[in-house]
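If you want the building blocks of each chain, they are given just below.
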Amino acid sequence: MRARCWFLLVPALLLALPAVAEGNKGGKAPPARTEKPKDPKAKDEKRPAEVELATEVMVLHATNSGKGIDSAIGKMPELKKPPFSSYDSYALLSKTRLPLSKDDKTMTLPNGRVLKTKLLEVMPDKDHLRISASINQPKGKTFLPLLEVKAKVGQAFIVAGQSYKGGILVLVIRVVK
Amino acid sequence: MSRHRDLMRAYDGELTPEEAAELERSLSDEDRRVLAGLEQVGDVVRACEPEAVARFAGVADQVMAALGESDVADSSGPEVVVDRGPARPVRKRATSMPVVVAGLSLAIAAAVALWVTTPKAPAPSAPAPLGASFTSPTVPVSPSAPTESLLEPPDEDADLAATIEAVDFGNQPGSIFMVPAGDESTPVVWLEDEPAGARMEPL
């Protein structure tokens, strides 16, 4: 009888170990989980921040016309790196500030297409944003249906490759305040 | 060989009187030495029997106790143990069962512990795309898929550069890559546009 009890006791104790481990693990989990639930009020708190944020869209025209890089562009070491270095001239066609909000903000590009940006969400750390961008062709097919980017203020991303007047368009989109 | 068998049968008393008489008449000196050897072997076996019985008698008691067969517990006499067959298998069974049970329990416990402690991957939330990672200078993305998704970047990289989380190139080919800009990098979405003259200009 003593041996039979041992048979039952040992598996019971061993199987109880994971439960204990789960209990300890559960004790650490709640703080992380508390960040995920989205409170509608929290969205309201972010509204002021959304108003302040914007995307600065620089439209550059890359060509091989031998004119060099427009000084109005400012410091952009990316333009001297491949594949941008395959063009020797960059001209600043426009610099537009599009306020970031949950609603679409649009601007018309030199080639007639329309760039649309939208704020998707402010990350919990309130430092990073998720924004979307798309490029549409009025009365034509969508050129860039969707682009979602996570960035913080000061960071930029580039959308390039659209043909325009013997060169290409380079859109430098930067999150600014 | 048959001669030795006949001698063993004669020693064990298994021969008929006629066969025994015939064998007795034909015994050679060697046959007599074999018979004498059998006698010695028998003496040795008989001398060792009590010791062997005593050696395994305790095992039988343990087995009976483990099985809870109290009614069989009285059969701890030497004859009972010998009649139940060799003691070694019984002893092996008595000792291996706890080991097997404990081993299986350990394996199950380890598997459950691994399953519990392994962080669960978050369920994908369609159609939300996955994050994009740019740890390498160039990360080409096939334009065939409507929505391209890459891995989540490390935290340190996320602070150094914007992150492309999803991109839909539509019908034209495209690629995603990083261009170094000093200490930081800038993600680039490069689209292969058709020549300006080949597409329809807006009205």
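Residues numbered from 1 in each chain as written. Chains lettered and ligands numbered in written order. Predicted model: local features only at pLDDT ≥ 70, side-chain atom pairs only at ≥ 80, totals over all residues. Heavy atoms only, no water.

Caption draft 1: Inspection of the overall build of chain A at higher detail. Helix and strand counts for chain A come out as 2 helices and 8 strands. When the elements of chain A are put in sequence order from the N terminus, they spell out α-α-β-β-β-β-β-β-β-β. Expressed as a percentage of the 177 residues in chain A, the buried residues total 41%. Restricting the contact set of chain A to residue pairs at least 6 apart, pairs at least 24 apart contribute 48%. Of the roughly 9,600 Å² of accessible surface on chain A, 57% is carried by carbon and sulfur atoms. (Helix = DSSP H or I, 4+ residues; strand = E, 2+ residues; numbered from the N terminus. Buried < 20%, exposed > 50% of the residue type's maximum accessible area, 1.4 Å probe, protein only. Contact = heavy atoms within 4.5 Å. Areas by Shrake-Rupley, 256 points an atom, 1.4 Å probe, with all protein chains shown as cover.)

Caption draft 2: Representation of the overall build of chain B in the model. Looking only at helices and strands, chain B features 6 helices and 4 strands. If you list the helices and strands of chain B from N to C, you get α-α-α-α-α-β-α-β-β-β. Here chain B, with 203 residues, has 27% of them falling under the buried criterion. Counting contacts in chain B only where the partners sit at least 6 residues apart, residues at least 24 apart contribute 41% of the total.

Caption draft 3: How the structure looks around the packing of aromatic side chains. For the structure on display, the rule yields 2 aromatic pairs over all chains. For the ring pair B:Phe177 and B:Trp190, a centre distance of 6.3 Å and an interplane angle of 35° mean the geometry is tilted. Placement of B:Phe177 in strand β3 (residues 174-181) and of B:Trp190 in strand β4 (residues 184-191) is noted, with a sequence separation of 13 residues between them. Take B:Phe177 and B:Trp190: they sit in the same class, and that class is buried. A connected cluster of aromatic rings, assembled from ring pairs, spans A:Phe84, B:Phe177 and B:Trp190. Stacked on the ring of A:Phe143, the Lys or Arg A:Arg113 has its end atom at 3.9 Å from the ring centre. (Phe/Tyr/Trp six-rings, centres within 6.5 Å; stacked < 30°, edge-to-face > 60°. Lys NZ or Arg CZ within 6 Å of the ring centre and 35° of its normal.)

Caption draft 4: Structural view of the pattern of salt bridges. The final tally for this structure, using the stated rule, is 7 salt bridges over all chains. Among the salt bridges present, the one from A:Arg130 reaches B:Glu165, with a minimum N-O distance of 2.6 Å. Taken together, the residues span two chains, with A:Arg130 in strand β5 (residues 128-136) and B:Glu165 in strand β2 (residues 163-168). Judged on exposure class, the residue A:Arg130 and its partner B:Glu165 are both buried. (Salt bridge = Lys/Arg side-chain N within 4 Å of Asp/Glu carboxyl O.)

Caption draft 5: A look at the side chain of A:Thr55. All names here are of chain A. Among the secondary structure elements, Thr55 is positioned in strand β1 (residues 54-63). The buried category is assigned to Thr55, whose relative accessible area is 0%. Among all residues touching Thr55, those that are not within four sequence positions of it are Thr96, Arg97, Leu98, Leu100, Thr117, Ile131, Ile173, Arg174 and Val176.

Caption draft 6: Structural view of the confidence of the model for chain A. Within chain A, residue pLDDT values average 79, and 71% of them lie at 70 or more. Taken together, the stretch residues 23-46 of chain A has pLDDT below 50 and engages in 6 contacts with residues farther than four places along the chain or on a different chain. (pLDDT = per-residue confidence, 0-100.)

Caption draft 7: Highlighting the environment of B:Asp43. Of note, B:Asp43 is situated in helix α3 (residues 29-67). Here B:Arg46 takes part through its side chain, which lies 2.8 Å from a polar atom of the side chain of B:Asp43. (Polar contact = N/O pair within 3.5 Å; in protein donor to acceptor, adjacent residues only side chain to side chain.)

Caption draft 8: Expanded view of the side chain of A:Asn111. Residues and elements named next belong to chain A. As for its placement among the helices and strands, Asn111 is situated in the loop between β3 (105-108) and β4 (114-122). On the basis of relative accessibility, which here comes to 3%, the residue Asn111 falls in the buried class. Of note is the side chain of Asn111, whose polar atom sits 3.1 Å from the backbone nitrogen of Arg113.

Caption draft 9: Inspection of the nonpolar core at higher detail. Ranked by size, the top nonpolar core spans 33 residues in total, and within it A:Leu147 and A:Val159 carry the most contacts. Looking at this core, the elements with two or more residues in it are β1, β4, β5, β6 (144-152), β7 (156-164) and β8 (167-176) of chain A together with β2 and β4 of chain B. Setting aside anything within four residues of it in sequence, one finds A:Leu147 in contact with A:Ile131, A:Ser132, A:Ala133, A:Phe157, A:Val159, B:Ile164, B:Ala166, B:Val167 and B:Val189. The next biggest cluster of nonpolar side chains, apart from the first, holds 19 residues, and it includes A:Tyr90, A:Ile158, A:Val170 and B:Phe177. (Core = buried A, V, L, I, M, F, W, Y, C linked by side-chain atoms within 4.5 Å.)

Caption draft 10: Seen up close, a nonpolar patch on the surface. Residue and element names in this part refer to chain B. A cluster of nonpolar side chains, namely Val100, Leu104, Ile108 and Val112, defines an oily patch on the protein surface of about 330 Å² accessible area. Relative to the helices and strands, Leu104 resides in helix α5 (residues 87-117). A relative accessible area of 52% means that Leu104 is categorised as exposed. (Patch = residues over 30% accessible without salt bridge, like charges linked within 9 Å, V, L, I, M, F, W, Y side chains within 5 Å.)

Caption draft 11: View of the sheet that holds β4(A). An order of β3(A)-β4(A)-β5(A)-β6(A)-β2(B) is seen for the 5 strands of this open sheet, with the pairing classed as antiparallel. Each of the sheet's edge strands pairs with one partner strand only, and the pair in question is β3 of chain A together with β2 of chain B. With direction set aside, neighbouring strand axes in the sheet form an average angle of 20°. (Pairing = 2+ DSSP bridges. Axes fitted to C-alpha atoms, helices over the stretch in contact; angles between N-to-C directions.)

Caption draft 12: A look at unusual backbone geometry. All names here are of chain A. Cis geometry marks the peptide bond from Pro82 to Pro83, where omega comes out at 0°. Following the sequence through the fold, Pro83 ends up in the loop between β1 and β2 (89-99). Backbone geometry at Lys126 places phi at a positive 60°, although glycine is not the residue there. Overall, Lys126 belongs to the exposed group, its relative accessible area being 59%. For Lys165, which is not a glycine, the phi torsion comes out positive at approximately 45°.

Caption draft 13: Representation of the confidence of the model for chain B within the structure. Per-residue confidence for chain B gives a mean pLDDT of 69; residues scoring 70 or more make up 58%. When the criterion is pLDDT under 50, residues 121-154 of chain B qualifies, and its contacts beyond four places in sequence or with other chains add up to 74 contacts.

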